[in-house]
Amino acid sequence: MTATSERTGDPLLAALAAGVEAIDLAQPLANGMPCSPNHPGFRMLLSRRHGDMVREDGGSAASEVIVTGGHVGTHIDALAHVSQDGRVHGGVDAASAQTGGSFAVHGVDAIRPGLCHGVLLDVAGLHGVERLPGGYGITADDLTAAAEQAAVRPRRGGVCLVNTGWSTLWSDPRRYLGIESGVPGITPDAAQWLVRHGIVAAGADTSAFEQVHPGRGHATLPVHRILLVEHGTHIIEHLRLGELADRGIAEFAFVLAPLNIVGATGSPLRPLALVSGDR
């Protein structure tokens, strides 16, 4: 224990002094990475290179331009992201809320950054496979069984992450997006299971979180409606969950900190799972 934690008696500082490991749950942002056809892709390029301008003392600087959609790479959906019958969460009129080119309510800037309880439900591991088959629908029974196998349970105010193993295809964008094969994901009854636990956000290692049927793409997204519109539960997509699953880490502290983009429907995210250093 450090002198600071002894003096303040702060248990968080004492835990940090004892050793905390941060596990990065974000996919790397890089040109050519997988991106849903519904969103503009990620692009980074150098706008200034070393030597373009050299100061009188010999110093030089390089810098870049980054172009990306709010729902590209590892990201979180704000409640403004999805509407049903012209209404976003809480019955707010979507057309009025988005007047002026950004959302007056339910934008990503309304998500409070914080540290909360997190669990990983390894559904791929439950079925003894590296990754679930394309188009597989994860049911409430799957989530219950995965939670029982890991001896964990999502908590009110926390985050629940679901490992499908699909991120093993990240380096192959066509297969990862699963346009022909479909993508495994949460079904409506599993979404209701998540809602009953009172979590603030749910996430997975896929492009849409929910089940995507072969050849249908995002024709309908009922889980987005259930979570975002009906219950105000955020969705995190394109997570990297392999390390947690491989190490058998099913419970952790979760760092949630979206970019404070006023009126946006989503934000890039670099979530962290914090565990004791001796894990």
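Check the entry above for the structure.
Keep in mind that this is a model prediction, so the values were computed, not measured.

Parameters and conventions
Residues numbered from 1 in each chain as written. Predicted model: local features only at pLDDT ≥ 70, side-chain atom pairs only at ≥ 80, totals over all residues. Heavy atoms only, no water. Pairing = 2+ DSSP bridges. Helix = DSSP H or I, 4+ residues; strand = E, 2+ residues; numbered from the N terminus. Axes fitted to C-alpha atoms, helices over the stretch in contact; angles between N-to-C directions. Patch = residues over 30% accessible without salt bridge, like charges linked within 9 Å, V, L, I, M, F, W, Y side chains within 5 Å. Areas by Shrake-Rupley, 256 points an atom, 1.4 Å probe, with all protein chains shown as cover. Salt bridge = Lys/Arg side-chain N within 4 Å of Asp/Glu carboxyl O. Buried < 20%, exposed > 50% of the residue type's maximum accessible area, 1.4 Å probe, protein only. Polar contact = N/O pair within 3.5 Å; in protein donor to acceptor, adjacent residues only side chain to side chain. Contact = heavy atoms within 4.5 Å. Core = buried A, V, L, I, M, F, W, Y, C linked by side-chain atoms within 4.5 Å.

Enquirer: For this particular structure, what's the right way to read the sheet that holds strand β14 (residues 266-268)?
Expert: Note: strands within a sheet are paired through backbone hydrogen bonds, in either parallel or antiparallel orientation. Read across the open sheet, the nine strands follow the order β1-β15-β13-β7-β9-β11-β12-β4-β14; overall the sheet is mixed. One side of each edge strand has no neighbouring strand; the edge strands of this open sheet are β1 (20-24) and β14. Going from strand to strand, the sheet's axes swing by 30 degrees on average, the running direction of each strand aside. Pairing of strand β7 (residues 114-122) with strand β13 (residues 251-256), which is carried by six bridges, proceeds in the antiparallel orientation. Following the sheet pairing, Gly118 is matched in β13 by Phe252.

Enquirer: What am I meant to see in a nonpolar patch on the surface here?
Expert: A surface patch of nonpolar side chains, amounting to about 430 Å² of accessible area, comprises Leu12, Leu13, Leu16, Val20 and Leu115. For the nonpolar patch, the element with the most residues is helix α2 (residues 11-18), which contributes three residues. Along the chain, Leu12 turns up in helix α2.

Enquirer: Sorry, what's going on with the side chain of Thr187 here?
Expert: You can see Thr187 is positioned in the loop between β10 (185-186) and α7 (188-196). On the basis of relative accessibility, which here comes to 10%, the residue Thr187 falls in the buried class. A distance of 2.8 Å separates a polar atom in the side chain of Thr187 from the backbone oxygen of Ile138. At 2.5 Å, the side chain of Thr187 and the side chain of Asp189 are in polar contact. What Thr187 contacts, discounting residues up to four positions off in sequence, is Gly137, Ile138, Thr139, Gln211 and Val223.

Enquirer: Explain the environment of Val123 here, please?
Expert: Residue placement: Val123 occurs in helix α4 (residues 123-126). Looking at Val123, the relative accessible area reads 0%, which means it is buried. Sequence spacing of Val123 and Gly107 is 16 residues, and the spatial spacing of their C-alpha atoms is 31 Å. Contacts of Val123, omitting those with residues within four sequence positions, involve Leu132, Ile138, Asp142, Leu143, Ala146, Val162 and Asn163.

Enquirer: Just to check I follow, could you spell out the nonpolar core for this structure?
Expert: Burial of nonpolar side chains together is a common tendency in soluble globular proteins. Core analysis: the biggest nonpolar cluster contains 32 residues, and Leu121, Leu143, Ile186, Leu194 and Phe209 have the highest contact counts within it. Of all the secondary structure elements, the ones that give two or more residues to this core are β7, α4, α5 (140-150), β9 (159-163), α7, β11 (201-204) and α8 (222-230). Ignoring anything within four residues of it in the chain, the contact list for Leu194 reads Leu143, Cys160, Ile199, Ala202 and Phe209. Membership of the second largest hydrophobic core comes to 24 residues, among which are Leu25, Leu120, Leu256 and Val275.

Enquirer: Could you clarify how one ought to interpret the pattern of salt bridges in this entry?
Expert: Once their charged atoms are close, side chains differing in charge can pair, the charge on each being opposite to the other. This model, assessed by the stated rule, comprises eight salt bridges. With a shortest N-O distance of 3.5 Å, Arg155 and Glu251 are connected by a salt bridge. Taken together, the positions of Arg155 in the loop between α5 and β9 and Glu251 in strand β13 put the pair 96 residues apart, joining distant regions of the chain. Overall, the relative accessible area of 47% leaves Arg155 in the partly exposed class. Residue classification places Glu251 among the partly exposed positions, given a relative accessible area of 31%. Here Arg174 ties to Glu180 by a salt bridge, and the two come within 2.3 Å at their closest N and O atoms.

That is the geometry; function is a separate question.
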